[in-house]
Amino acid sequence: MVLAARLRALLRRGAQPRPVQLQAGDLTLDPGTRQVRRGETVIDLTPREFALLEYLMRQAGQVVSKTSLLEHVWDAYDSVDPNVVEVYAGYLRRKIDNPFGRRALQTVRGAGYRLAADGG
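Student: What exactly am I supposed to notice about helix H4 (residues 84-97) here?
Tutor: Over its 14 residues, H4 runs 19 Å from end to end, which matches the ideal 20 Å to within 8%, given 1.5 Å per residue. For H4, the complete set of buried residues consists of Val84, Val85, Tyr88, Ala89, Gly90, Leu92, Ile96 and Asp97.

In structure tokens form, the structure reads like this:
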């Protein structure tokens, strides 16, 4: 009974609308087409790089811990070295920042990573 009432209440509220595209300055990510652009330039990302960038863009401007990134981007059943986050952050920087002279993906020493809300 209680569970059914809670489900009805959730259905009445409706799902929170998710943006069709995520944007940080001129950096755009479209989850539907799985396309990333910096201005007019399309950026090719691996599925893991895409997932990492999407999670960071959904938290744009906020510090995201390595632990949180591991939980949300890597499969919980994978036994991965926590340093894999640093490796993939480097891959992303080489694709979304370095060629464009930007610094969108920031390391927050001792805390994690932050994607600049203005796209760097």
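Student: Help me out: how do you make sense of the packing of helix H2 (residues 47-58) against H4 in this one?
Tutor: How two helices sit against one another is set out by the angle between their axes and by the gap between those axes. One way to put it is that H2 packs onto H4 with a least axis distance of 10 Å and a crossing angle of 85°. Here H2 lies roughly perpendicular to H4, going by the angle between them. Side by side, H2 and H4 meet where Arg48, Glu49, Leu52 and Leu53 of the first sit next to Tyr88, Ala89, Tyr91, Leu92, Lys95 and Ile96 of the second. Partitioned by chemical class, the residues of the contact of H2 with H4 number seven nonpolar, no polar and three charged.

Student: Explain the pairing of strand S3 (residues 35-38) here, please?
Tutor: Regular strands place side chains that alternate from one sheet face to the opposite one. Here S3 shows a clear split, with Val36 and Arg38 buried on one side and none of Gln35 and Arg37 buried on the other. Where strand S2 (residues 27-30) lies against S3, four bridges are found, and the strand directions are antiparallel. Bridge assignment links Asp30 to a residue of S3, and that residue is Gln35. Joining the antiparallel neighbours S2 and S3 is a turn of four residues, in which Arg34 adopts a positive phi near 55°. Sheet analysis places S3 next to strand S4 (residues 41-43), joined by three bridges and oriented antiparallel.

Student: Explain the packing of aromatic side chains to me, please; I cannot follow it from the model alone.
Tutor: The geometry of an aromatic ring pair comes down to the distance between the two centres and the angle between the two planes. Tallied over the full model, the rule gives two aromatic pairs. Measuring from centroid to centroid gives 5.0 Å for Tyr88 and Tyr91, while their planes differ by 75°, and the two rings are edge-to-face. Within this pair, Tyr88 and its partner Tyr91 are both found in helix H4, separated by three residues, close to a single helical turn. Judged by its relative accessible area of 34%, Tyr91 is partly exposed. One aromatic cluster in this structure is built from Trp74, Tyr88 and Tyr91.

What counts and how
- Residues numbered from 1 in each chain as written.
- Predicted model: local features only at pLDDT ≥ 70, side-chain atom pairs only at ≥ 80, totals over all residues.
- Heavy atoms only, no water.
- Helix = DSSP H or I, 4+ residues; strand = E, 2+ residues; numbered from the N terminus.
- Expected span 1.5 Å × (residues − 1).
- Buried < 20%, exposed > 50% of the residue type's maximum accessible area, 1.4 Å probe, protein only.
- Axes fitted to C-alpha atoms, helices over the stretch in contact; angles between N-to-C directions.
- Parallel < 35°, antiparallel > 145°, perpendicular 65-115°, else oblique.
- Contact = heavy atoms within 4.5 Å.
- Nonpolar A, V, L, I, M, F, W, Y, C, P; charged D, E, K, R; others polar.
- Pairing = 2+ DSSP bridges.
- Phe/Tyr/Trp six-rings, centres within 6.5 Å; stacked < 30°, edge-to-face > 60°.

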